[in-house]
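A look at the structure
Given next are the chains, with one letter for each unit.
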Amino acid sequence: PRVAVLISGRGSNMEALIKAAQAEAFPARVVLVISNNENAAGLEIARGLGVEALAIPARPFGRDREAHERAIDAVLVARKIEIVCLAGYMRLLTPYLVNRWAGRMLNIHPSLLPAYPGVDTHARVLAAGEAAHGCTVHLVTEEMDAGPVLAQARVEVLPGDSEETLAARVLAQEHRLYPAALAALARKIRLPEPGA
Ligand code: GRF
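Notes on the structure in this doc start here.

Basis of the calculations
- Residue positions are counted from 1 within each chain, in the order its sequence is given.
- In view of the model being predicted, local features appear only for residues whose pLDDT reaches at least 70, and side-chain atom pairs are presented and counted only at 80 or more, with totals across whole chains, interfaces and linings using the full set of residues.
- Note on pairing: DSSP must find at least two bridges between two strands before they are called paired.
- Put simply, DSSP H or I for four residues or longer makes a helix, DSSP E for two residues or longer makes a strand, and each gets a number counted from the N terminus.
- Think of each axis as a best-fit line through the C-alpha atoms, taken over the contacting stretch in the case of a helix, with angles from 0 to 180 degrees between the N-to-C directions.
- Two residues form a contact once the distance between their C-beta atoms, set from the backbone, is within 7 Å.
- Note that the term roughly parallel is reserved for angles under 35 degrees, roughly antiparallel for angles over 145, roughly perpendicular for angles of 65 to 115, and oblique for everything else.
- Crossing handedness is defined as follows: a turn of the near helix away from the far one that is anticlockwise and smaller than a right angle gives a left-handed crossing, while the clockwise case is right-handed.
- Polar here means any residue outside two lists: the nonpolar Ala, Val, Leu, Ile, Met, Phe, Trp, Tyr, Cys and Pro, and the charged Asp, Glu, Lys and Arg; Gly therefore counts as polar.
- We count a residue as near a molecule or strand when its backbone-placed C-beta atom lies within 6 Å of that partner.

In space, the 7 strands of this open sheet follow the order S3-S2-S1-S4-S5-S6-S7, with mixed pairing throughout. Across the chains shown, the open sheet's two edge strands, defined by having one partner strand only, are strand S3 (52–55) and strand S7 (149–156). Taking each pair of neighbouring strands and ignoring which way they run, the sheet shows an average axis angle of 20 degrees. The sheet contact formed by strand S4 (residues 83–86) and strand S5 (residues 105–109) spans 3 bridges and is parallel. Paired with Val 84 across the strands is Met 105, a residue of S5. Each of strand S1 (2–7), strand S2 (29–35) and S3 touches helix H2 (residues 41–48); the most contacted strand, S2, lies at about 155 degrees to it.

As structure tokens, then:
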């Protein structure tokens, strides 16, 4: 399947997905990166790896979030994308885009969902004194960080962990988990294009 990755910033998960998918045996190809933020560092990283990377800012669409998503969807369809991976995409999606891509839109979240949906997960996990933390790849549904779980990786919270050390340990697992979960989904599905 042809895969697009949606980002807003640094793009380290995007980079992990692109690199993993460049291996001959990987069952999917990352062919497109879209960022809502034209200054996202990940756009240049993607281009450096030979992947088309576009910025589609929301600003020209004003408050019409669905119009912004229709612009994104038009590019996804034009490029014959079959699976969409959200990777640090920091905008809430409307039911329009979620339903268009139901069953083939993935997200990675830095917690062991259903625990700690939302932002600042590492700080909240530390504040709560949790012994375990981790990351989750899940299918995207209308409710944020709540779709069916495809894969999880656990990390131990260590004495003396700061938000930064804990985030780094989780991120290393994200970079391993996301390509693995994408490969598993890609092997399982051969879906037609949306609207076909
Ligand atoms: C990751 O921790 C991801 O789980 C979360 O946002 C962060 C994005 O980092 N959704 P990057 O842009 O992939 O480096």
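Let us now look at the packing of helix H1 (residues 12–21) against helix H6 (residues 163–188). The contact between H1 and H6 brings their axes to 9 Å, and the two run at 45 degrees. Here H1 is positioned oblique relative to H6, judged by the angle of their axes. The interaxial crossing formed by H1 with H6 has right-handed handedness. The residues of H6 that touch H1, namely those facing Ser 12, Asn 13, Ala 16, Leu 17 and Ala 20, are Leu 171, Glu 174, His 175, Tyr 178, Pro 179 and Leu 182. Of the residues assigned to the contact of H1 with H6, the class counts are 7 nonpolar, 3 polar and 1 charged.

Right, let's get into the site of the ligand. The environment of the ligand is made up of 14 residues, and the closest members are Arg 10, Ser 12, Asn 13, Gly 88 and Pro 110. Elements with a minimum of two residues in the shell around the ligand: H1, S5 and H6. When residues in the shell around the ligand are grouped by element, the largest group, 3 residues, is from H1. Split into classes, the residues belonging to the shell around the ligand amount to 6 nonpolar, 6 polar and 2 charged.

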